[in-house]
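If you want the building blocks of each chain, they are given just below.
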Amino acid sequence: MDGNALTRHGTTWRCASGHSFDIARQGYTHLLPVQKKRSADPGDSKIMVAARQRFLNAGHYQPIADAVSHTVLAELPTNTTANCLDAGCGEGYYLRQLRTAAGGDGHSLALMGLDISKWAVLSAAKQAATMPGPATATISPWANWVVGSNANLPVLSGTLDGLLCIFGFPVYSEFARVLKPGSILYQVETGPDHLRELRDIIYPRTKHTHMPEPPQPAGFTHRSSESICYHLSLTDAGSIADLLAMTPHLYRASAEGRAKAAALTNLQVTVDVVLSRFECH
């Protein structure tokens, strides 16, 4: 990509320089150059994406989605169409929740979900296409879904009214570039007790440490942080397996730890995350 604006023509994006990018029949666009890949299949695997899709669609993280949607919609402008990006969108759960919430309060949103995992973006596009809206059979009706990297966002500078980074990998210099001055970065990160009970089972020793205050990255001013903490009851082995598979703990745990988790049929676990707001300079 050369940094020029892309204009959609049917199922293709084109720029003034003549470059074109096809929208796949599933409804997403691949904008991650081969030279920017760190592996042949970067990001979350197909198995991780499927596990996360099942877990999130079961509503286990609904309080997080509700808090994010409420906070974002309280600040996005209502007198115009607001541009919002989910950087590291995964399978699109939080953008779907935001879109549903926006539909009830008069907001007009132009949404984009971006992830480095093609499996995540494929899942997001497929699920988005099943939501009501003026769609063709092949194109998502209400959002653009893109395979890309937070390190090189395919977004024009100073064009976003809001940016989500939920359990993702923030690249603050890029986030500051694409946000309008005064717009907000909404970041969700794990708190000190997040999944503590699961971690106690799969790791020989677990350190419980106090989490420091969120950093104030260059280009931003920290405005607020909100703790979202609740207890979750998982009553079947499938949900527990999905929770483990959708987190890095699956790969960090020893074989013994994974075996202990696989033997569980119920689990009471703490969800502890922090939603922070950063204003772009």
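Every chain is numbered independently, its residues counted from 1 as its sequence is written. Side-chain atom pairs in this predicted model are given and counted only at pLDDT of 80 or more, local residue features only at pLDDT of at least 70, and totals for whole chains, interfaces and linings cover all residues. Water and hydrogen atoms were dropped before computing side-chain values, which therefore reflect all heavy atoms in the structure.

**Q** I tried to follow the pairing of strand β8 (residues 160-166) on my own but got confused; where do I start?
**A** Think of it in three bands: residues with accessible area under 20% of the maximum for their type are buried, residues over 50% are exposed, and the middle band is partly exposed, with areas taken using a 1.4 Å probe on protein chains only. Per the convention used, a helix needs a DSSP run of H or I reaching at least four residues, while a strand needs a run of E reaching at least two, with both numbered from the N terminus. In terms of burial, β8 is largely enclosed, as seven of its seven residues are buried. Direction of pairing for β8 relative to strand β9 (residues 179-190): parallel, over a ladder of six bridges. Across the sheet, residue L164 finds its bridge partner in β9, namely Y186. We call a crossover right-handed when, viewed with the strands running away from us, the connection from the first strand over the helix to the second turns clockwise. Taken together, β8, helix α5 (residues 172-178) and β9 form a β-α-β motif whose crossover is right-handed. Two strands pair if DSSP finds at least two bridges between them.

**Q** Could you clarify how one ought to interpret the confidence of the model for the chain in this entry?
**A** Interpretation of this model should avoid reading the predicted coordinates in detail wherever pLDDT is low. One confidence number per residue, pLDDT, is output by the predictor and ranges from 0 to 100. Overall, the predicted model of the chain reaches an average pLDDT of 89, with 89% of residues at or above 70. Two residues form a contact once any of their heavy atoms are found within 4.5 Å. Low confidence marks residues 134-139, where pLDDT is under 50. Its contacts with residues over four positions away, or in another chain, come to 10 contacts.

**Q** What am I meant to see in the pattern of salt bridges here?
**A** If charged atoms from side chains of opposite charge come close, those side chains can pair. Put simply, a salt bridge is a Lys or Arg side-chain nitrogen that is within 4 Å of an Asp or Glu carboxyl oxygen. Taken as a whole and judged by the stated rule, the model has 10 salt bridges. Residues E75 and R277 are paired through a salt bridge, measuring 2.4 Å at the closest nitrogen-oxygen approach. Note that E75 is positioned in the loop between α2 (62-73) and β5 (82-87) and R277 in strand β11 (residues 267-280), a separation of 202 residues in sequence. The exposure class assigned to E75 is partly exposed, which follows from its relative accessible area of 35%. Within this structure, D193, R196 and E197 form a network of salt bridges that share partners.

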